[in-house]
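One-letter residues, chain by chain:
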Amino acid sequence: MNILKIADFTLFFLFFVCSPASLQAQSQLPDIDPQDKASLLIFKVSIHDLNRSLSTWYGSSCSNWTGLACHNPTGKVLSITLSGLNLSGELHPSLCKLSSLQSLDLSRNNFSGNVPSCFGSLRNLRALNLSRNGFVGSIPDTFVSLKELREVVLSENRDLGGVIPHWFGGFSMNLERIDLSFCSFLGELPESLLYLKSLNYLNLESNNLTGTLRDFQQPLVVLNLASNRFSGTLPCFYSSRPSLSVLNLAENLLVGGLPSCLGSLVELSHLNLSFNGFNYEISPRLMFSEKLVMLDLSHNGFSGRLPSRISETTEKLGLVLLDLSHNRFSGDIPLRITELKSLQALRLSHNLLTGDIPAKIGNLTYLQFIDLSHNALTGSIPLNIVGCFQLLALMISNNNLSGEIQPELDALDSLKILDISNNQISGEIPLTLAGLKSLEIVDISSNNLSGNLNEAITKWSNLKYLSLARNKFSGTLPSWLFKFDKIQMIDYSSNRFSWFIPDDNLNSTRFKDLHAAGEERSAEPPGKVEIKISAAVVAKDELSFSYSLLSMVGIDLSDNLLHGEIPEALFRQKNIEYLNLSYNFLEGQLPRLEKLPRLKALDLSHNSLSGQVTGNISAPPGLTLLNLSHNCFSGIITEKEGLGKFPGALAGNPELCVESPGSKCDPANIDASQEEIYQNELVEGPISIWIFCLSAFISFDFGVLGIFCSARARSYILQTKA
């Protein structure tokens, strides 16, 4: 039976393939129109195709040519899509002979030169995308002939600009989408754009556009004018009330208050007004719908109390990101904020907020990012915060928080960033925090923490930055101090650590330079750290969270009670940029610096280091800060050593002579000076011992005499004898 079924299927398949209808369908696959084919081959040979992406451009069948779609049966080219193929060169005018072309997408390549003016002859063109290339010049005036154009995307061509033509909003009554973002357009918006009824998407972000922001007279869905120089106050966008979903006016020169009429934008999901000059209090009458998922009013001058209820919320809808940071809001954090059940990012930093962190903050179970830093908050870290079990970053630094670090915080096992610095938190680091194995950045500096370091820290195997500075930690530095494989910066400065610097785990690649090629480096002074966090809503209810650590690769153990010699292995860390061991009691000689090629800052001042300063001290080419002052170095530093660019770097070393222009060192004087010091030590040594013994004898005699002169003491001694 099965054999018969297979035979039947084979006969059916052969019949279908060989049937006249099937053969006719196959024969109807169009061949490229000969004239269009010739134009495309000219275009192909005129550009650079490093990846051979157009190697399929041969033969006559349209379906074989990469990125092409043709009309059936004429073979005329209707669409070209060559996005992201690493093509380069200037566009050849032969493309303009494709008279039936409706869509042209050359985005995400490396094309250069002017946008061809002959594009105006493509009368059937409906969509043009030349974004993310290297085009220059301005928009050709011939575009005025493209009456069928519905979408024009020229974004991310940084040298494409000039004034937006006055006809740009009126040449096509079908134009729906305009994207000229991240270019160099300047001047005011053409008035025609304000009245183009078909327009629903306008993105002009990151240009040099100016003028007063005016209301648009069409129902827009997306309006992005961020990073320009528009001025004036905020319109109500009445024509867009039933449609506007995204409104981004960040980084402009807008002023005034936040009008309550914005609450009538019932479809609004993203509102970004950050980095402007808005001020005044936010009206309690302003209420957004539950469709608002992102609200960013940061970096303005808003004042008064935080709005207790700024948007509607349901079990499934509501704010995902709320950023009111860098304003002048005051008073308590409203309890109603803990009712925003969908909230994933909360930024209220750099305000004037007071009172406690709301105890019910743990109700926000979707929360991934909390930043309440740089306020005047008091009380302790609420234990209920462990309810935010998805938390990735907890930043509450620079407040007046007190109390101890609760052991229960180990429940936040997804935490990557913990910053509680610059508060009044006391006690010890709980052993239970070993459970925070995802930690990458920990800053608990400038508090009142104390005790010895426990091994909970060793479980933070992903650490990149650790600061315990300016606390009251004591005891010896643990042997695991340098065991972290991904560490970039360690700061244990200004504590009470004693004994030696351990050299365990110090191989030459221990400290990593985690900066990617071309990544932004720290512009902060040596030893300072900056953490840049990015949080954005990338989907309807999805938060994108990332951060960058801007810090030198380094070690800071300054201002402690450390003794002994500096481990030589410390000077073999080839990625070290910053090393500060100042204000300790370190001894021995200065190690050589040849194996610190990236060193930028070295501070060993206020120790007891001795010996000669070797000639390679300025060897690292990037060294900009050097301080070896107030030690016991000796010898002569000649002018050719190149230390003249570090004034005062060797001050407070009495046995060291530093040559300068017009001032040379005499070795005889150096030897005589050292001999004099040696003789003084020989004389002062016995005298010092004799004075010490005499003072001890006198102190003992007077102490005994004082006891016997005391009536109470005499009575006690006599009673004992009796």
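Scroll up a little and you will see the structure.
Computed from a predicted model, the values in this text were never measured in an experiment.

Cut-off values and rules
Residues numbered from 1 in each chain as written. Predicted model: local features only at pLDDT ≥ 70, side-chain atom pairs only at ≥ 80, totals over all residues. Heavy atoms only, no water. Helix = DSSP H or I, 4+ residues; strand = E, 2+ residues; numbered from the N terminus. Polar contact = N/O pair within 3.5 Å; in protein donor to acceptor, adjacent residues only side chain to side chain. Contact = heavy atoms within 4.5 Å. Phe/Tyr/Trp six-rings, centres within 6.5 Å; stacked < 30°, edge-to-face > 60°. Buried < 20%, exposed > 50% of the residue type's maximum accessible area, 1.4 Å probe, protein only. Lys NZ or Arg CZ within 6 Å of the ring centre and 35° of its normal. Pairing = 2+ DSSP bridges. Axes fitted to C-alpha atoms, helices over the stretch in contact; angles between N-to-C directions. Disulfide = S-S within 2.5 Å. Salt bridge = Lys/Arg side-chain N within 4 Å of Asp/Glu carboxyl O.

Position of asparagine 207 relative to the elements: it lies in the loop between β13 (201-203) and β14 (208-212). One polar contact links the side chain of asparagine 207 to the main-chain carbonyl oxygen of leucine 204, over a distance of 3.0 Å. At a separation of 3.3 Å, a polar atom in the side chain of asparagine 207 contacts the main-chain carbonyl oxygen of glutamate 205. Every residue in contact with asparagine 207, bar those within four places of it in the chain, is listed here: Leu180, Ser181, Phe182, Cys183, Ser184, Phe185, Ser227 and Asn228.

What follows is about the packing of aromatic side chains. Overall, the coordinates contain 11 aromatic pairs when judged by the stated rule. Pairing tryptophan 57 with tryptophan 65 gives two aromatic rings, centres 5.2 Å apart and planes at 25°, and the pair type is stacked. With respect to class, tryptophan 57 is no different from tryptophan 65; both count as buried. Through pairs of rings, three or more aromatic residues link up here, namely Phe43, Trp57, Trp65 and Phe111. Over the face of the ring belonging to tyrosine 201 we find arginine 177, whose NZ or CZ atom lies 3.9 Å from the ring centre.

Let us now look at the sheet that holds strand β43 (residues 610-612). In spatial order, the strands read β43-β45-β46; together these 3 strands make up an open sheet with parallel pairing. Two strands in the sheet have a free side with no partner beyond their single neighbour: β43 and β46 (655-658). Strand-to-strand, the axes of this sheet are offset by a mean angle of 25°, without reference to chain direction. Pairing of strand β45 (residues 632-637) with β46 involves 4 bridges; the strand directions are parallel. Each residue of the ladder has a partner; that of isoleucine 637, found in β46, is valine 658.

Moving on: the state of the cysteines. In protein chemistry, a disulfide is the covalent bond that joins the sulfur atoms of two cysteines. With the rule as written, the count across this model stands at 4 disulfides. Ordering the disulfide-forming cysteines of the chain by sequence position, one finds them joined as 1-2, 3-4, 5-6, 7-8.

Attention shifts here to the pattern of salt bridges. A complete count under the given rule lists 11 salt bridges for this structure. In this structure, the salt-bridge partner of glutamate 440 is lysine 464, at a minimum N-O distance of 3.7 Å. Residue glutamate 440 is found in the loop between β30 (426-427) and β31 (441-443), and its partner lysine 464 is found in the loop between β32 (448-451) and β33 (465-467); the two are separated by 24 residues along the sequence. A relative accessible area of 12% places glutamate 440 in the buried class. A single salt-bridge network, built from bridges that share partners, covers Asp33, Asp36 and Lys76.

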